[in-house]
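Listed below, chain by chain, are the residues.
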Amino acid sequence: MLNASYEPLCVVATRRALVLVLDEKAELVHATDGFFHSERTDFPEPSVVRLCHFVKVPYQARIALNRRAVFARDGHRCQYCGAAAENIDHVIPRSRGGEHTWENVVAACRPCNSRKQDRMLHETSFSLRRKPTAPRERAWILVASGQMRPDWEPYIGMSNTLSA
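Let me sum up the structure you'll find in this document.

What counts as what
Residues numbered from 1 in each chain as written. Predicted model: local features only at pLDDT ≥ 70, side-chain atom pairs only at ≥ 80, totals over all residues. Heavy atoms only, no water. Salt bridge = Lys/Arg side-chain N within 4 Å of Asp/Glu carboxyl O. Buried < 20%, exposed > 50% of the residue type's maximum accessible area, 1.4 Å probe, protein only. Helix = DSSP H or I, 4+ residues; strand = E, 2+ residues; numbered from the N terminus. Core = buried A, V, L, I, M, F, W, Y, C linked by side-chain atoms within 4.5 Å. Contact = heavy atoms within 4.5 Å. Polar contact = N/O pair within 3.5 Å; in protein donor to acceptor, adjacent residues only side chain to side chain.

### Overview of the pattern of salt bridges
Summed over all chains, the structure comprises six salt bridges. Among the salt bridges present, the one from Arg73 reaches Asp74, with a minimum N-O distance of 2.9 Å. Asp74 matches Arg73 in its accessibility class, with the two residues each being buried. Here Lys116 makes a salt bridge to Asp89, at a shortest N to O gap of 3.5 Å. Here Lys116 is found in helix α3 (residues 110-116), whereas its partner Asp89 is found in strand β3 (residues 87-90), with 27 residues between them in sequence. Residues Lys116 and Asp89 agree in their burial class; the two are buried. In the salt-bridge network here, residues are joined through shared partners; they are Arg73, Asp74 and Arg130.

### Some details on the nonpolar core
Core analysis: the biggest nonpolar cluster contains nine residues, these being Ile63, Ala69, Val70, Phe71, Ala85, Trp102, Val105, Ala107 and Ala134. Going through the elements one at a time, α2 (67-73) and β4 (105-108) are the ones with two or more residues in this core. Looking at which element gives the most residues to this core, the answer is α2, with three residues. Sequence-distant contacts of Val105, that is, excluding residues within four places in its chain, are made with Leu65, Val70, Arg73, Ile88, Asp89, His90, His100 and Pro132.

### Brief notes about the side chain of Lys116
Looking at Lys116, the relative accessible area reads 0%, which means it is buried. Within polar-contact distance, the side chain of Lys116 engages the backbone oxygen of Val91 at 3.0 Å. When residues no more than four places from it in sequence are discounted, the contact partners of Lys116 are Tyr80, Asp89, His90, Val91, Pro93, Leu121, Thr124 and Phe126.

### Some points on the environment of Arg50
Its place among the elements puts Arg50 in strand β2 (residues 42-51). The class for Arg50 is buried, based on a relative accessible area of 17%. Along the backbone, Arg50 and Ser5 are 45 residues apart, and their C-alpha atoms lie at a distance of 8.3 Å. Contacts of Arg50, omitting those with residues within four sequence positions, involve Leu2, Asn3, Ala4, Tyr6, Ala26, Glu27 and Val29. A polar contact of 2.6 Å, which involves the side chain of Arg50, links it to the backbone oxygen of Ala4. Within the structure, Arg50 has its side chain in polar contact with the side chain of Glu27 (distance 2.6 Å).

Next up, the structure:
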């Protein structure tokens, strides 16, 4: 769902999007190949809708740090070896004073997480593939919410942000 200014707001169910369009609270911007059928007519299945009136979004200082968001930020890849990630790891272990922040948490595979244990990076042979940072764009949370559909990319403007 887009704001009246075409800013991405959130992801809603297609039925909810259709109800907003039928109530004239939103307009259909992009539809899929599917249809909703009623007794007398068919309605295109919405993929992208835009609200008719601008909604003020409260300022959000930081995106919430959780397992799903860390995996999405790191592309579900271990930041030490590049294998499929299954765990999260604190770069500076919490037992050594490391905090649970975006800048200190990375996705890791089980073997790397087990080998690193509670040691610092300089005490191991590991190096980070990418420096961990907090996501800055509000639209990033849409990607973290699940699979991003290709027809959303022009409206979100994040086609290759996470794959870099």
